[in-house]
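Take a look at the letters that make up each chain.
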Amino acid sequence: MLTTFDRGARRPRAGRLSAGLLALALLVSACGGADAADNGPAGDPQSGGTLAIGIESDTDVLDPHRAGGWVTYRVNRQMYEALVDEDLSKTSEEAPIPEIIPGLAESWEVSEDGMTYTFHLREGVTFHDGTDFDAEAVVFNVRRMSDPTFEFYDDRSAGQTVFVWQHLASVDAVDPLTVEMTMTQPFSAFLRLLTQGGGGSTGIISPTALEKYGNDEIADHPTGTGPFRFVDRIRGQRITLERNEDYWGEKPYLDSVVFRPLPDPSTRVSALRAGEVDMIAVPSPDSVSSLEEAGFEVATSAPPHLWYLAFNMTDPIFSDVRVRQAVNYAINREGMSEDLLQGTVNPAYSVLPPANSAYEASEEYFEYDPERAKELLAEAGYADGFETTLMTSVDGSGQIVPVPMAEYIQQDLADVGIRVELDTTEWITYLTEWAEGIPAGTGMAQMSWGMTTPYWLRNVTSSTLQAPNGSNVGHYSNPALDEVMQQAATALDEATADDLWRQAAEIVHEDAAMAPIVNDKAPYVLSGDVQGFVNPSEEWYDLKSVWLR
Amino acid sequence: MTSTTLGQKVVSPVAAGDTVAAQIKSRSRPALMWRALRRDKAAVVSIGILVFLTLVAVFAPLLAPYDPLDGDASQRLEGIGTPGHLLGLDGQGRDILSRLIYGGRYSLTVAVLPVLAAAPIALLIGMFAGYFGGRTGNAVMRVLDVLFAFPVVLLAIAIAAVLGPGLANVMLAIGITMVPYMARVVYTATVQESAKEYVEAARAAGATQAQILRQQLMPNVMSPLVVYGTSLCGLMIVLAAGLSFLGVGVTPPAPDWGVMTSDGRSVLLEGYGHVATIPGLVILVAALAFNLIGDGIRDALDPHKQTS
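So, a few notes on the structure that sits alongside this text. (Residues numbered from 1 in each chain as written. Chains lettered and ligands numbered in written order. Predicted model: local features only at pLDDT ≥ 70, side-chain atom pairs only at ≥ 80, totals over all residues.)

### With respect to the sheet that holds strand β15 (residues 386-393) of chain A
Residues and elements named next belong to chain A.
Inference 1: The mixed open sheet is built from 6 strands, whose spatial order is β14-β18-β13-β17-β15-β16. Either end of the sheet is taken by a strand with one partner, and the two such strands are β14 (345-347) and β16 (418-425). Ignoring which end each strand starts from, the neighbouring axes of this sheet average 25° apart.
Inference 2: As defined by bridge partners, strand β13 (residues 306-311) adjoins strand β18 (residues 514-520) across 5 bridges and the pair is classed as antiparallel. What sits directly across from Trp307, in β18, is Val518.
Inference 3: Lying over the sheet, helix α14 (residues 427-435) contacts β15, β16 and β17 (444-449), oriented at roughly 120° with respect to β16. (Pairing = 2+ DSSP bridges. Helix = DSSP H or I, 4+ residues; strand = E, 2+ residues; numbered from the N terminus. Axes fitted to C-alpha atoms, helices over the stretch in contact; angles between N-to-C directions. Contact = placed C-beta atoms within 7 Å.)

This is how it looks when you write it as structure tokens:
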């Protein structure tokens, strides 16, 4: 808008007038955008328009295999597709766990012994650069992520996607439209993991583009098969995508999508109110009710997003299970959810986040009971409490508002005699420190995470995945738990696996190895013009069904 | 040439040196300064404000109606005039008045100590480089120029990140980052003053370099340093808050005024303006007081205004 005025000022008179009119028209349309209260009948979906989304931080590289983090996957997912997909067209109420649906593979079979996966690929799919999608392209991509002998093998991609390919023995193109993968052991979570994007993801990249740009440059030239194709990226400013006119499935309504990193929550809210963006991720909890009053739509869901504390098992105080239980009992999760976070989260009592087949919402292990906490502390020999440190980030992808939440916990723990120092760190540094494991002298560390498979629990509790070789940052070790999780991971049918995962969660609860705090509802706030957006039980979303009126 | 002319006017170098010293000692410099400062109404009021804030901070446990760290989240964000909470409650449901009272302990310390610590170092570096000049002096200033290339906050973050969070480390980090700025002020003043006649006169009168530096130059370069230093004090509160915001400063839930302001920022536009505005106003008043005292001291240090 400002540019329009500037340009107008330098033009001759007639030009200036038309520029002025244009600016006026833009102003009017911008006001229309800000007028979220206009909630009349939506009418039929219509094509066209640009959707601007205010996202909570800049993204990682636009290379699906290499990139980590939800924020980045939300962008990559619009351009890249994996062999199997998730049905994200349903809300959490309609589908607590998104159904696995065909993606680039039309169908697949799993052998009786659970060792061989045969994928039948979709015919007539082309990449954004015109390359045909076929079995060789799949093999190329899988080898990039898993085969160190391959010319295009990429260390970083392998590291980020090891959770998917760890049991892969071989991948073969049986014919142009059939791919066969064999495993070293049955792996019940495999299909679901193919759809995940919290760490690296398995979207298929054009082999021609990879050969042309190489493993490092491909991120600047994303080339997938998805409903949207890459236009440009200005780091810290915006990422622009446009509709893929050659998309094999139903084409998106939107002409283009602009992702705008706006790391400060107040800035995001202001940008939405001013009509600069059409929707935002992660509004500040205190802005939600006033945004709703102003007529904006708030779309929440129940994705696998657990905000939890990991305990340092090697700490002389926290090695006592009674202390860990006491901390669990001392935290008022309901109060934090309703008062501090204004209902944008649900209190969490299970170490398994929601939206996975083994999750049981009814089980509440550690309901708020400060008296019980004091008793346990007294039994453990800390009747007068003790001092410890809680490490937390100050911001970051999915961390909600970590410092106020940590302060809330600090006050709750002070009530039972535990004096907590907060060690606060900026997100990227925090993530590095966290991955190194909780340092000596620090009792607890905060993190937000989860997956739509109970297999996630293994990431944070398995003794083989102790930091720095995994995300078990508290160095928790329980051989009985490892055994149950191994059985669960290799179980042949889902019901048996879920049963075993529930047993595993039970053991983690008994050991009180973590303190689950809240499950985020992952709210998005939309202006009245945005139609057809669904916030599903995942940390990411589809934009195919979204249209602007 | 000039020095010869001046030299001719002086009868005896030794006698002249004595006269200068005698004049200075006839009435002590601090006493002269204090007399001049007392006549400055704004400075007197400012001193009153800072004394008041300091006393409040010192006697915080006696004055604060509530525990500054313990909140009741069910009452959070209630506004000014809430029964029992004169200035309302913050995002954690803590009493804002109590936090302000305790907050002075952090904010006033962080405002004054780093500047006080950095000033003598800056004075030494600046005067040395400015008076002696030459290669060494230039080299020193070029090193400082390199430090100027880094934004203050970035440098402070780097230092604080190495040292770890906490009030003491923040003060150290801020103090170190302030040295080049203050040294630059001293340097410029020294270069200017060194060229003036009175320095040459003293030199011609046979004063040693140490005497010139200490007795002639220092009083004259002190005043810009003091003015600059006091104007920095208010800024320090804000800088410390910025570092806390980035996780390398005062750790929550410490009721630092700057931290309180940045805490309130997230709800500023949601109708809870008091959370950020009240501590923000206190910082404003404190910073203004420091600046006015700085101005007052500058005038008071000015030899022309002292004598009257």
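After presenting the structure, the write-up continues.
### Here's the deal with the interface of chain A and chain B
Inference 1: Facing the 25 residues of chain A at the interface are 20 residues of chain B.
Inference 2: If you list the elements that add at least two residues to the side of chain A that touches chain B, you get α8 (265-273), α11 (333-340), α13 (402-415) and β16 of chain A.
Inference 3: Per element, the largest residue contribution to the side of chain A that touches chain B is 7 residues, and it comes from α13 of chain A.

### Regarding the pairing of strand β8 (residues 228-234) of chain A
Inference 1: Pairing of β8 of chain A with strand β9 (residues 238-243) of chain A involves 6 bridges; the strand directions are antiparallel. Note that in β9 of chain A the partner of Arg229 of chain A across the bridge is Glu242 of chain A.

### Quick notes on the sheet that holds strand β1 (residues 50-55) of chain A
Residues and elements named next belong to chain A.
Inference 1: With mixed pairing, 7 strands are arranged side by side in an open sheet as β8-β9-β10-β1-β11-β19-β12. Edge positions in the open sheet fall to β8 and β12 (297-299), since each of these has one partner strand only. In this sheet, neighbouring strand axes are inclined to one another by 20° on average, regardless of whether the strands run parallel or antiparallel.
Inference 2: Bridge count between β1 and strand β11 (residues 279-281): 2 bridges; the pairing is parallel. Note that in β11 the partner of Gly54 across the bridge is Ile280.
Inference 3: With respect to the sheet, helix α3 (residues 70-79) is in contact with β1, β8, β9 and β10 (256-261), its orientation differing from that of β8 by roughly 135°.

### Some details on α8 of chain A
Residue and element names in this part refer to chain A.
Inference 1: Residues Pro265, Arg268, Val269, Leu272 and Arg273 constitute the buried set of α8. Projected down its long axis, α8 carries its buried residues within an arc of 135°, all on one side.
Inference 2: A positive phi of about 80° marks Gly275, the residue just after α8. (Buried ≥ 20, exposed ≤ 12 C-beta atoms within 10 Å, placed from the backbone. Arc of directions from axis to C-beta.)

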